[in-house]
Amino acid sequence: MTETAPNENLTSYVSHLECSMTCERYPKGEVRGLSSVGRPLLVRYDLEALARAFTPTDLANRPTGFWRYRELLPVTETRNVVSLGEVETPLIALDKECGRPIVKDEGRLPTGSFKARGLALAVSMAKELGLEHLAMPTNGNAGAALAAYARRADIAATVFCPADTPEINIAEIGIQGADVYRVDGLIDDCGRIVGADRDGVGWFDLSTLKEPYRIEGKKTMGIELAEQFRWSVPDVIVYPTGGGTGLIGMWKAFDELEAIGWIGSKRPRMIAVQAEGCAPIVRAFDQGVEHAERWENASTFAAGIRVPAAVGDFLILRAVRESNGFAIAVSDAAIEEARDDVARNEGLLLCPEGAATVAAYRAALADGSIDPSETTVLFNCATGLKYPLPTAGIPFNG
Ligand SMILES: *Cc1c(COP(=O)(O)O)cnc(C)c1O
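Residues numbered from 1 in each chain as written. Predicted model: local features only at pLDDT ≥ 70, side-chain atom pairs only at ≥ 80, totals over all residues. Heavy atoms only, no water.

Let's shift gears to the nonpolar core. As a rule of thumb, nonpolar side chains are buried together in soluble globular proteins. One finds Leu-119, Val-123, Leu-134, Leu-146, Trp-231, Leu-257 and Phe-379 to be the most contacted residues of the largest nonpolar core, which totals 95 residues. With residues near it in sequence (within four places) discarded, Val-123 still touches Val-82, Leu-134, Leu-146, Tyr-149, Ala-150, Ala-153 and Ile-155. One finds Ile-335, Val-342, Tyr-361 and Ala-364 within the second-largest nonpolar core, a separate group that totals 27 residues. (Core = buried A, V, L, I, M, F, W, Y, C linked by side-chain atoms within 4.5 Å. Buried < 20%, exposed > 50% of the residue type's maximum accessible area, 1.4 Å probe, protein only. Contact = heavy atoms within 4.5 Å.)

We now examine the sheet that holds strand β11 (residues 269-275). Taken in spatial order, the six strands make up an open sheet running β4-β5-β13-β10-β11-β12, and their pairing is mixed. Of all strands in the sheet, those bounded by a partner on one side alone are β4 (91-93) and β12 (326-330). Each strand of the sheet is rotated relative to its neighbour by a mean of 25°, with strand direction disregarded. Relative to β11, strand β10 (residues 236-240) is paired through five bridges, and the arrangement is parallel. Residue pairing across strands places Ile-237 opposite Met-270, the latter belonging to β11. Against the sheet, helix α8 (residues 280-287) contacts β11 and β12, and its axis sits at roughly 135° relative to β12. (Pairing = 2+ DSSP bridges. Helix = DSSP H or I, 4+ residues; strand = E, 2+ residues; numbered from the N terminus. Axes fitted to C-alpha atoms, helices over the stretch in contact; angles between N-to-C directions.)

Turning to the environment of Ile-370, a few remarks are in order. Checked against the element boundaries, Ile-370 lands in the loop between α11 (352-366) and β13 (376-380). Remark: the alpha-carbon pair of Ile-370 and Tyr-13, spanning 357 residues in sequence, is separated by 38 Å. Beyond its immediate chain neighbours, meaning those up to four positions away, Ile-370 contacts Val-236, Val-238, Arg-269, Ile-271, Phe-326, Tyr-361, Ala-364, Leu-365 and Thr-376.

Strand order in this open sheet of three strands is β2-β1-β3, and the pairing throughout is antiparallel. In this open sheet, the two strands that pair with only one neighbour each are β2 (25-27) and β3 (41-45). Each neighbouring strand pair of the sheet contributes to a mean axis angle of 35°, computed without reference to strand direction.

Quick look at the domain arrangement of the chain now. By convention, interface size is frequently given as the accessible area that disappears when the constituent parts associate. Splitting the chain by domain gives domain 1 (14-80), domain 2 (91-113 + 215-386) and domain 3 (115-205). Every contact between the two is made by 21 residues of domain 2 and, on the other side, 21 residues of domain 3. The three residues of domain 2 that bury the most area against domain 3 are Thr-111, Arg-306 and Lys-386, which together make up 35% of that side's buried surface. The interface formed by domain 2 and domain 3 includes five salt bridges. For Glu-106, the salt bridge identified is with Arg-117, shortest N-O distance 2.7 Å. Here domain 2 is connected to domain 3 by eleven residue pairs in polar contact (both at pLDDT 80 or more). Per element, the largest residue contribution to the side of domain 2 that touches domain 3 is six residues, and it comes from helix α6 (residues 214-228). (Domains from an automatic or database assignment. Buried area = accessible area lost by both parts, 1.4 Å probe. Salt bridge = Lys/Arg side-chain N within 4 Å of Asp/Glu carboxyl O. Polar contact = N/O pair within 3.5 Å; in protein donor to acceptor, adjacent residues only side chain to side chain.)

Right, let's get into the pattern of salt bridges. Counting across every chain of the model gives 28 salt bridges. A salt bridge links Arg-339 to Asp-340, with the nearest nitrogen and oxygen atoms 3.5 Å apart. Note on Arg-339: relative accessible area 3%, which makes it buried. Since its relative accessible area comes to 24%, Asp-340 is described here as partly exposed. Put simply, Lys-104, Glu-106, Arg-117 and Glu-224 are held in one network by salt bridges that share partners.

Here it is as structure tokens:
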């Protein structure tokens, strides 16, 4: 398939859905949430057929942005693609930082965060499957992306946020047409409200990893990165980990790309970064266990990674361990310092979660767990402008 014109019956290579724990299979083309054992469902493709039909040269005439990888995505018909102009996000080396790590700046995507990738796919699939009302818990960015893409698709959206979510996020969700509520609790408390649907609205639960398609959107970070590395991968990926969709998605992307012969067997070491005030994955990694216990009294100003419990915990831990990576926690003070340094030294305003990867990188260089000669990619997952900033303004005359 080399045509660039929209193809009304875009071929889908999806073969089935599969439980990430038991490998139980489910047919494609049906509305599904979690598997029968309550675990995430993964989309599986006919990779042999895909390898025959799709090669990197097919990309040459396509626009940039992740829809260029549509054969590796689950949407069947072009008219169901819901798009707001998804750009290829740039790689920016931090020249003044020891080791010169490279930032992949996801803040350039619609709604200012990489949640756009997951929600573009989830909402497109919701449209394809005929869903009329979507709901989710959010720390802000996912809700904003849901609101925007659902509006674009004329699908109703309801969003629940922790009570202390910054007003800017609530306003952004509201102005883009979703019903938004503050909840006295954290994101998993909001998730319980969505799951219970007490008033029987009949919305579909789009919570992180509780439906199969957000992960397919986040997977495009791995494909895009591999293309930017000329169908190879960096040595190390440092990822701010909340629900872990991106880390799991990229890991899945690399397997699929190898299966279709686009990359080799080299994998990046995957480093999961959390905040010291909410580090369930780091604790589980250190204890050598397969599942993470809920983190009590979670607190960090890096809201996107304030996730006390993740349904995909075992998938995050599996990818980190298989890749020979590690999990690391950083303090809010180190995050803030990294954000301020990078803004002042490099002219790049990171979000706190992105700054957490810089803080983690610094710590890992210091203790030798990452070598400065390794090519390392740090994920900045949102624009720094969506977050409270320290006040500038020194009076003009002192
Ligand atoms: C959601 C979010 C994260 C965490 O992403 P996951 O893939 O869910 O772990 C990190 N940073 C920001 C800015 C986010 O919005």
